[in-house]
Amino acid sequence: MNKLAFPILAVLADGKFHSGEDLAQRFGVTRATVYNAIQSAEQLGIKVFSVRGRGYRLPKPLTLLDADQITQACGEYAPWFHVQVLAQVDSTNRYLMQESARGIAHATCVAAHMQTAGRGRRGRSWHSQLGGSLTFSLLWRFQCGAAGLSGLSLVVGLALVRALHTMGLTSVRLKWPNDLLVLQAGSWHKLGGILIELQGDMEGPSAAVIGIGLNLELEADLQQQIDQAAMGLNQLSGAPVDPNHLLGHCLNQLAQHLSLFAEHGFVYFQPEWTAYHAFEQQAVNLLLANGQSVPGRVVGVAEEGSLLVETAAGIQRFNAGEISVRSAS
Ligand code: BTN
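About the criteria used
Residues numbered from 1 in each chain as written. Predicted model: local features only at pLDDT ≥ 70, side-chain atom pairs only at ≥ 80, totals over all residues. Heavy atoms only, no water. UniProt positions renumbered as here; feature names shortened; annotations may be inferred. Pairing = 2+ DSSP bridges. Helix = DSSP H or I, 4+ residues; strand = E, 2+ residues; numbered from the N terminus. Axes fitted to C-alpha atoms, helices over the stretch in contact; angles between N-to-C directions. Contact = heavy atoms within 4.5 Å. Polar contact = N/O pair within 3.5 Å; in protein donor to acceptor, adjacent residues only side chain to side chain. Buried < 20%, exposed > 50% of the residue type's maximum accessible area, 1.4 Å probe, protein only. Near = heavy atom within 4 Å. Areas by Shrake-Rupley, 256 points an atom, 1.4 Å probe, with all protein chains shown as cover. Nonpolar A, V, L, I, M, F, W, Y, C, P; charged D, E, K, R; others polar. Phe/Tyr/Trp six-rings, centres within 6.5 Å; stacked < 30°, edge-to-face > 60°. Lys NZ or Arg CZ within 6 Å of the ring centre and 35° of its normal. Expected span 1.5 Å × (residues − 1).

- Going by what an unreviewed UniProt entry lists, the chain is known as Bifunctional ligase/repressor BirA and is assigned to Methylophilus glucosoxydans.
- One UniProt comment on the chain, placed under Catalytic activity (unreviewed entry), says "biotin + L-lysyl-[protein] + ATP = N(6)-biotinyl-L-lysyl-[protein] + AMP + diphosphate + H(+)".

Right under this line is the structure:
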């Protein structure tokens, strides 16, 4: 995106018309330069209305991310975090993995208004739009090695459920290992997901880049790119959710949960995690990476976070796979 595009979008964030002339004057450029900047934003899928005689306007007002507001919303944990906001990046996970290798501080959080190559789990892409989702990554350094981090992604999911509950969104549940779901009109919809990438030795120390994508508002064209039922938090709450507030609440809960995890491991959270599992005691098929589908009934999560499924061959533990619900018959 053109360098001027984001500063212009920040002006248009109020949802009002701004003439090309005013924008040109404000940034000390020509109207043609403003036009080109807006074109470059539109090429990234950002809708900007252009009306002759009135100027440019976004379809609706936009709350932009702001590092100070995010830090303030972390409450008592604010001093722990280093928050950075990027206008645009390919992937906050990729960016933070690179910065982590260069020694960036523990508890650095990088949030982006736009990701052009967001990464999802299992090699999928994570699609997002300006203002339509909250996309961020958090670097957390651990004394132990990667081998001691089993169950970490489940704990992160639990922290997010807690954060959403503190914001009044109490119907949010988890899908093993770490999707956030809500039941709407009889079917489960995905609200967000987590992708954790690790650095370091098996023996330690290690660093986790915890990438989180939360849907705020899913436009119809974005919904079409997603291969499962999904929903935005704005729709769930019935009012626009302030992304700065939301991110601050997430970081607050992550600080608490990650500290307890470093001390006690997943076992400390096992009962609470199970209580929030959308598919506890449900008949499912577990889809494995090799294409195999294992039918069974979910009977909990183990003390290190693996999924326990009662199958024809007895209770089995799974460390990877995707749950697909099947009818009880
Ligand atoms: C999933 O597949 O459910 C996990 C999605 C994780 C997406 C987030 S968005 C912020 C961070 N940066 C990325 O590239 N991916 C994660």
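There's plenty left to go through after this.
### Here's the deal with the sheet that holds strand S14 (residues 307-311)
Stage number 1. Read across the open sheet, the 5 strands follow the order S15-S14-S13-S12-S16; overall the sheet is antiparallel. Strands with a single pairing partner mark the edges of an open sheet, and in this sheet they are strand S15 (314-318) and strand S16 (322-325). On average, each strand axis in the sheet is inclined to that of its neighbour by 45 degrees, with strand direction left out of account.

### Observations concerning the UniProt feature "binding site: biotin" (unreviewed entry) in the chain
Stage number 1. Residues annotated by UniProt as "binding site: biotin" (unreviewed entry) correspond here to Ser-91, Thr-92, Asn-93, Gln-115, Arg-119, Gly-120 and Arg-121.
Stage number 2. As for its position among the elements, Gln-115 is in strand S4 (residues 108-115).
Stage number 3. With near-sequence residues (within four places) excluded, Gln-115 lies in contact with Val-89, Asp-90, Ser-91, Thr-92, Trp-126, Ser-128 and Thr-135.
Stage number 4. A distance of 2.8 Å separates a polar side-chain atom of Gln-115 from the backbone nitrogen of Thr-92.
Stage number 5. Under the relative-accessibility criterion, Arg-121 is labelled partly exposed at 21%.
Stage number 6. Apart from the residues lying within four places of it in its own chain, the contact partners of Arg-121 are Pro-177, Asn-178, Asp-179, Ile-194, Leu-195, Gly-321 and Glu-322.

### Concerning the pairing of S15
Stage number 1. The sheet contact formed by S14 and S15 spans 5 bridges and is antiparallel. Along S15, the bridge assignment pairs Thr-311 with Gly-314.

### Regarding the site of the ligand
Stage number 1. Neighbouring the ligand are 20 residues, the closest being Ser-91, Gln-115, Arg-119, Arg-121 and Lys-190.
Stage number 2. Compared with its free state, where it exposes 410 Å², the ligand has 98% of that area covered by protein.
Stage number 3. Elements that contribute at least two residues to the shell around the ligand include exactly helix H5 (92-101), strand S5 (118-119), strand S7 (133-142), strand S10 (187-200) and strand S11 (206-215).
Stage number 4. Here the residues of the shell around the ligand sort into 5 nonpolar, 11 polar and 4 charged.

### A closer look at the pairing of S10
Stage number 1. Note: strand S9 (residues 179-184) against S10, 5 bridges, orientation antiparallel. Across the sheet, residue Leu-181 finds its bridge partner in S10, namely Lys-190.
Stage number 2. Relative to S11, S10 is paired through 9 bridges, and the arrangement is antiparallel. Looking at S11, one finds that Ile-196 is bridged to Ile-210.
Stage number 3. Here S10 hands over to S11 after 5 residues, with Gly-204 in that stretch at a positive phi of 110 degrees.

### So, the packing of aromatic side chains
Stage number 1. Tallied over the entire structure, the rule returns 6 aromatic pairs.
Stage number 2. Arranged with centres 6.3 Å apart and planes meeting at 45 degrees, the rings of Phe-81 and Trp-140 form a pair that is tilted. Of the two residues, Phe-81 is situated in the loop between helix H4 (67-72) and strand S3 (82-89) and Trp-140 in strand S7; the sequence distance between them amounts to 59 residues. Summarising the burial analysis for this pair, Phe-81 and Trp-140 share the class buried.
Stage number 3. Aromatic ring contacts, followed pair by pair, group Tyr-77, Trp-80, Phe-81 and Trp-140 into a single cluster.
Stage number 4. Sitting above the plane of the Phe-17 ring, Arg-57 keeps its charged end 5.4 Å from the centroid.

### Observations regarding helix H6 (residues 152-166)
For the α-helix, the turn length of 3.6 residues means that residues three or four positions removed from each other point alike.
Stage number 1. With 15 residues, H6 extends 21 Å from end C-alpha to end C-alpha; this agrees with the ideal 21 Å at 1.5 Å per step.
Stage number 2. Of all 15 residues in H6, 13 are buried, a share of seventy percent or more.
Stage number 3. One or two steps after H6, the chain reaches Gly-168, where phi turns positive at roughly 90 degrees.

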